[in-house]
Amino acid sequence: MFKGLAKIKENNEQIQNMRNESKNEIDVLKLVDGDYAKIRILSDSNEVIKVPFHSKELHFPSGKTFTKMIYCSGENDCGICGDNEGEDDIRETRSKLILYIYVYEVAHKQNNPDKDWKKDSETGKYIETVNKPMLLMTGRGNQGYIENTFIEYWGKYKTLSDRDYIWGRKGSGLKDTLYSLTPEDKSKIPGVVLSSKEKLKPLETIIKEMYPEGDSQVNPKINKKSEEDTSEDLDRMIRDNKGESLFD
Ligand SMILES: [Zn+2]
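All figures in this text were calculated on a predicted structure; none of them were measured in a lab. (Residues numbered from 1 in each chain as written. Predicted model: local features only at pLDDT ≥ 70, side-chain atom pairs only at ≥ 80, totals over all residues.)

Some words on the overall build of the chain
Each helix and strand in the chain was counted, giving seven helices and eight strands. Taking all 248 residues of the chain together, 15% fall into the buried category. Long-range contacts, defined as pairs at least 24 residues apart, comprise 66% of the intrachain contacts of the chain with a sequence gap of at least 6. (Helix = DSSP H or I, 4+ residues; strand = E, 2+ residues; numbered from the N terminus. Buried ≥ 20, exposed ≤ 12 C-beta atoms within 10 Å, placed from the backbone. Contact = placed C-beta atoms within 7 Å.)

Below, the structure is given as structure tokens:
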């Protein structure tokens, strides 16, 4: 038995973490307008990957739409690329830059009453303590400015892991969203951060597992998944959709 909402909430979080671990999944860092995260980059320069994704709009009874990302394993292997009868727009791909990061905390512009974020009196932001490895997935940015920022710091410091960074987002629209990466002073990597990297699978492996092509909703010809897998997909979408129900 769990008595008290704090205990119940803690237990729910533990279950979610255990599910994530057993499925070898990892949360993707999501920022909205005005948020920033204090991070350490765990993927060194030779481990960062850039991979193409297909995207598929899923429409839910509530009228909400969700963009489902599907890893593209390349023209010869990818069922979507190879499906000549499929719609053209799903065959298009967009590349994303992917890195493992350790997130110390996220500073939110907007409070979430369901979370116990502490307001920082200096910045007015609501601080979420995270302290775990996550995935940073980002588009290249307009004319590749995001990609170039990572390349620039790698060129300057010869590594991405010798200091903490602030990764921030301003704007919310397709055209006016800007991401920024700001280096802090050089500092020794904390032991807990370094050891968090040991359990992480290679990026290519986890991306294939988290964004599989074989989904009957997307491409019925590829394979039929069990109901359990489908419900896990839904769980993930709801989580990616910041916990909002897709059905009401
Ligand atoms: Zn493809």
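Here the narrative resumes, following the displayed structure.
Topic: the nonpolar core
In this structure, Ile39, Ile41, Ile101 and Val103 are the most contacted members of the largest nonpolar core, which totals 28 residues. Within the residue set of this core, elements represented by two or more residues are strand 1 (36-41), strand 3 (65-71), helix 2 (79-82), strand 4 (94-108), strand 6 (126-138) and strand 7 (163-170). Broken down by element, the residue count for this core peaks at eight residues, all from strand 4. Not counting residues within four places of it along the chain, the set of residues in contact with Ile41 comprises Leu99, Ile101, Leu160, Ser161 and Tyr165. (Core = buried A, V, L, I, M, F, W, Y, C linked by C-beta atoms within 7 Å.)

A word on the pairing of strand 6
Sheet analysis places strand 4 next to strand 6, joined by eleven bridges and oriented antiparallel. When the bridges of strand 6 are listed, Tyr102 appears paired with Pro133. In this structure, the hairpin formed by strand 5 (residues 118-119) and strand 6 is closed by a connection of six residues, where Gly124 is found at a positive phi of approximately 75°. (Pairing = 2+ DSSP bridges.)

Side note on the environment of Gly141
Of note, Gly141 is situated in the loop between strand 6 and helix 4 (145-157). In this structure, the C-alpha to C-alpha distance between Gly141 and Tyr179, residues 38 residues apart in sequence, is 8.1 Å. With residues near it in sequence (within four places) discarded, Gly141 still touches Ile146, Glu147 and Tyr179.

Topic: unusual backbone geometry
The backbone phi angle of Asn131 is positive, close to 50°, even though this residue is not glycine. The topology assignment puts Asn131 in strand 6. We classify Asn131 as exposed; it has 12 C-beta atoms within 10 Å. Unlike most non-glycine residues, Gln143 shows phi in positive territory, near 55°. Within the secondary structure, Gln143 sits in the loop between strand 6 and helix 4.

Thoughts on the pairing of strand 3
Direction of pairing for strand 2 (residues 49-59) relative to strand 3: antiparallel, over a ladder of seven bridges. Across the sheet, Glu57 pairs through a bridge with Thr67, a residue of strand 3. Following strand 2, the chain reverses through five residues before pairing antiparallel with strand 3; Gly63 in that reversal takes a positive phi of roughly 95°.

Some thoughts on helix 4
An ideal rise of 1.5 Å per residue puts 18 Å on 13 residues; helix 4 measures up with 18 Å between its terminal C-alpha atoms. Just downstream of helix 4, Lys158 is the residue with a positive phi angle, here 65°. (Expected span 1.5 Å × (residues − 1).)

Here's the deal with the confidence of the model for the chain
A residue-level look at the chain finds 83% of positions with pLDDT of 70 or above and a mean pLDDT of 85. Ranking the helices and strands of the chain by mean pLDDT puts strand 1 first, with 98, and helix 7 (residues 227-240) last, with 59. Predicted confidence is poor over residues 215-227, with pLDDT under 50, and the contacts of this stretch with residues over four places away or in other chains come to 18 contacts. (pLDDT = per-residue confidence, 0-100.)

Re the environment of Met134
Mapped onto the elements, Met134 comes out in strand 6. In this structure the C-alpha to C-alpha distance between Met134 and Leu29, which are 105 residues apart in sequence, comes to 6.2 Å.

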